[in-house]
Amino acid sequence: MTPRLPQGVLGLHALPADHHEGPWDSIFVPGDLKDRLLRHCVLVLRHGRRLAQLAGPPHGLVLLAGPPGTGKSTLAQGLAQRAALAVSDLGATTFVEIDPHAFPSDMLGESQRAVSRLFHETLPELAARRPHLIVLVDEVEALAVKRSTASFETNPVDVHRATDAVLAGVDALRSSCPRTIVVTTTNFPAAVDDALLSRTDFVAHLDLPDDRTVRRIIEHSLAEITAVWPAASAARTDIAAIDEAAGLLRGFDGRQIRKAVLAALIARDEVAVDPGQLTGQDIVTAARTVATRNSPNNTAATGLPDHATV
Ligand SMILES: Nc1ncnc2c1ncn2[C@@H]1O[C@H](COP(=O)(O)OP(=O)(O)O)[C@@H](O)[C@H]1O
Ligand SMILES: [Mg+2]
């Protein structure tokens, strides 16, 4: 039986762990963004205690911002594993996934109390178990709503109090547990509270994939398919088809690109029965279907995400 998790905690892991390998290498971003992100986390996890003596110590707060489907959640998962691996000579890391939607503001004061409990009790207790702590708050805008724009119709006071509790909690966590990293993600940076943004040490903007990244995502997806069905390597080596598909998928997010490659597996009856039969032409067909059905990054055109119509 899995033990009951504390309120607001979606997942609890001891890292590094082999089964957490994979996400980091599956996300492609231009330049050295991933290296810098990892270095920042390793610095705070290793030297948080000494850095705390500085006049402007880091908060250990990282924000991954960008449109939906650009790899933020996956990168955050991968970052936790890789950072834990890089400090494993000093001991293990507790990785906590927070559910930002677990703090409903429909009872006055209740969400504030729950958020306070999370930062002042739950997380310090978890931090005490191992030398390092990494906390993931996916879709942080649900938790730390920008106070200047929060609706005054829906429990405004409670929204503000919950955001205040997050800020106070982040500050408290920094001083009580300096070897802690809090990774946050958002699809809407404009909705994240300014005081939280100002405490953020490292903001990584993940954009829609550029041309080279589109290709890399297609190639990686095909490599994964070929690992399971080696006969599909014919598709993987059809450079002209991959080029054409990449051109068609320009402007789509990473999730849609991966789904387009999956959709190639249902391009023909034979491929669905035996994915080893996959050809470059199937990938082009699937990419064309996706590209003509949805204009890039505009699922609102059909009102349906692509996968709902595959
Ligand atoms: N830049 C990228 N490189 C490789 N895969 C990507 C990229 N962006 C998104 N993906 C893929 O899209 C899917 C959704 O990613 P996810 O991390 O949930 O995005 P987000 O949290 O930004 O909405 C995952 O399968 C991921 O592998
Ligand atoms: Mg996400």
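Parameters at a glance
Residues numbered from 1 in each chain as written. Chains lettered and ligands numbered in written order. Predicted model: local features only at pLDDT ≥ 70, side-chain atom pairs only at ≥ 80, totals over all residues. Heavy atoms only, no water. 1 Å grid on protein atoms, 1.4 Å probe; cavity = no way out; pocket = protein on both sides within 12 Å on 5 of 7 lines; lining within 4 Å. Points joined across faces, edges and corners; volume = space filled by probe spheres on them. Nonpolar A, V, L, I, M, F, W, Y, C, P; charged D, E, K, R; others polar. Helix = DSSP H or I, 4+ residues; strand = E, 2+ residues; numbered from the N terminus. Domains from an automatic or database assignment. Near = heavy atom within 4 Å. Polar contact = N/O pair within 3.5 Å; in protein donor to acceptor, adjacent residues only side chain to side chain. Areas by Shrake-Rupley, 256 points an atom, 1.4 Å probe, with all protein chains shown as cover. Sits in = over half its atoms within 2 Å of the grid points. Buried < 20%, exposed > 50% of the residue type's maximum accessible area, 1.4 Å probe, protein only. Pairing = 2+ DSSP bridges. Contact = heavy atoms within 4.5 Å. pLDDT = per-residue confidence, 0-100. Axes fitted to C-alpha atoms, helices over the stretch in contact; angles between N-to-C directions. Salt bridge = Lys/Arg side-chain N within 4 Å of Asp/Glu carboxyl O.

Re empty space enclosed by the protein
Moving on, step 1. All chains considered together, the criterion is met by 3 cavities of 30 Å³ or more.
Moving on, step 2. Considered as a void within the structure, the largest cavity measures approximately 70 Å³ in volume.
Moving on, step 3. As for the largest cavity, its lining consists of Val44, Gly48, Leu51, Ala52, Pro57, Pro58, His59, Gly60, Arg174, Cys177, Pro178 and Thr180.
Moving on, step 4. Looking at the lining of the largest cavity residue by residue, the class counts come to 7 nonpolar, 4 polar and 1 charged.

Here's the deal with the layout of surface pockets
Moving on, step 1. Its volume calculated, the largest pocket comes out at about 570 Å³.
Moving on, step 2. Of all the secondary-structure elements, those providing two or more residues to the lining of the largest pocket are helix H3 (72–86), strand S5 (180–186), helix H7 (211–228) and helix H10 (254–263).
Moving on, step 3. Residues belonging to the lining of the largest pocket are distributed by class as follows: 10 nonpolar, 12 polar and 7 charged.
Moving on, step 4. When residues are assigned to domains, the lining of the largest pocket turns out to be shared by domain 1 (9–205) and domain 2 (211–308), each giving three or more.

Focus: the site of ligand 1
Moving on, step 1. Around ligand 1, 15 residues are found, and the nearest of them are Phe28, Gly69, Lys72, Ser73 and Thr74.
Moving on, step 2. Taking Gly69, its main chain carries an N or O atom lying 2.7 Å from an oxygen atom of ligand 1.
Moving on, step 3. Burial of ligand 1 by the protein amounts to 85% of the accessible area it has alone, namely 560 Å².
Moving on, step 4. Taking a 2 Å distance to the grid points as the criterion, the majority of the atoms of ligand 1 fall inside the largest pocket.
Moving on, step 5. When residues of the shell around ligand 1 are traced back to their parent elements, those giving at least two are H3 and H10.
Moving on, step 6. Looking at side-chain class alone, the shell around ligand 1 contains 5 nonpolar, 7 polar and 3 charged residues.
Moving on, step 7. When residues of the shell around ligand 1 are assigned to domains, at least three fall in each of domain 1 (9–205) and domain 2 (211–308).

A short note on the pairing of strand S2 (residues 61–65)
Moving on, step 1. Among the 5 residues in S2, 5 count as buried, and that is most of the element.
Moving on, step 2. What you see with S2 is no split at all: Leu61, Leu63 and Ala65 on one side and Val62 and Leu64 on the other are buried throughout.
Moving on, step 3. Alignment of S2 against S5, held across 5 bridges, turns out to be parallel. In the sheet register, Ala65 faces S5, and the bridge partner there is Thr186.

Re the side chain of Thr186
Moving on, step 1. Residue placement: Thr186 occurs in strand S5.
Moving on, step 2. A polar contact is formed between the side chain of Thr186 and the side chain of Glu141, at a distance of 2.4 Å.
Moving on, step 3. Setting aside residues no more than four positions away along its own chain, Thr186 makes contact with Leu63, Leu64, Ala65, Gly66, Lys72, Val140, Glu141 and Val192.

Focus: the confidence of the model for the chain
Moving on, step 1. Per-residue confidence for the chain gives a mean pLDDT of 90, with 89% of residues at or over 70.
Moving on, step 2. Below a pLDDT of 50 lies the segment residues 305–310, which in the model reaches 11 contacts outside its immediate sequence neighbourhood of four places, other chains included.

Describing unusual backbone geometry
Glycine aside, a negative phi is what most residues show, and trans is what most peptide bonds show.
Moving on, step 1. With an omega of 0°, the peptide bond between Leu15 and Pro16 qualifies as cis.
Moving on, step 2. Position of Pro16 relative to the elements: it lies in the loop between strand S1 (9–15) and helix H1 (23–26).
Moving on, step 3. Non-glycine residue Glu139 carries a positive phi angle of around 55°.
Moving on, step 4. With respect to the helices and strands, Glu139 occurs in the loop between strand S4 (132–137) and helix H5 (156–176).
Moving on, step 5. Residue Glu139 is classed as partly exposed on the basis of its relative accessible area of 34%.

Here we look at the sheet that holds strand S6 (residues 202–205)
Moving on, step 1. As summarised here, the arrangement of the 6 strands in space is S1-S3-S4-S5-S2-S6, forming an open sheet in which the pairing is mixed. The two strands at the open ends of the sheet, each matched to only one other strand, are S1 and S6. Here the strands of the sheet are splayed against their neighbours by 15° on average, with no regard to which way each runs.
Moving on, step 2. Direction of pairing for S4 relative to S5: parallel, over a ladder of 5 bridges. Bridged to Leu136 within S5 is Val183.
Moving on, step 3. On top of the sheet, H3 reaches S1, S2, strand S3 (93–98), S4 and S5; it is set at about 165° to S5, its chief contact.

Considering the side chain of His59
Moving on, step 1. Looking at where His59 falls in the secondary structure, it is placed in the loop between helix H2 (33–51) and S2.
Moving on, step 2. Classification of His59 as buried rests on a relative accessible area of 18%.
Moving on, step 3. Discounting residues that sit within four places of it in the chain, His59 has contacts with Val170, Asp171, Arg174, Arg199 and Asp201.

Quick word on the pattern of salt bridges
Moving on, step 1. Evaluation of the coordinates by the stated rule reveals 12 salt bridges.
Moving on, step 2. Here Arg46 makes a salt bridge to Asp89, at a shortest N to O gap of 2.6 Å. Separated by 43 residues along the polypeptide, Arg46 in helix H2 and Asp89 in the loop between H3 and S3 bring together distant segments of the chain.
Moving on, step 3. Given a relative accessible area of 25%, Arg46 falls into the partly exposed group.
Moving on, step 4. Close ionic contact of Glu224 with Arg258 constitutes a salt bridge, the shortest N to O distance being 3.9 Å. Here Arg258 lies in helix H10 and Glu224 lies in helix H7, a separation of 34 residues in the sequence.
Moving on, step 5. Overall, the relative accessible area of 45% leaves Glu224 in the partly exposed class.
Moving on, step 6. Look at Arg258 and you get partly exposed, because its relative accessible area is 24%.
Moving on, step 7. A cluster of three or more residues bridged by salt bridges with shared partners is formed by Glu21, Asp25 and Arg82.

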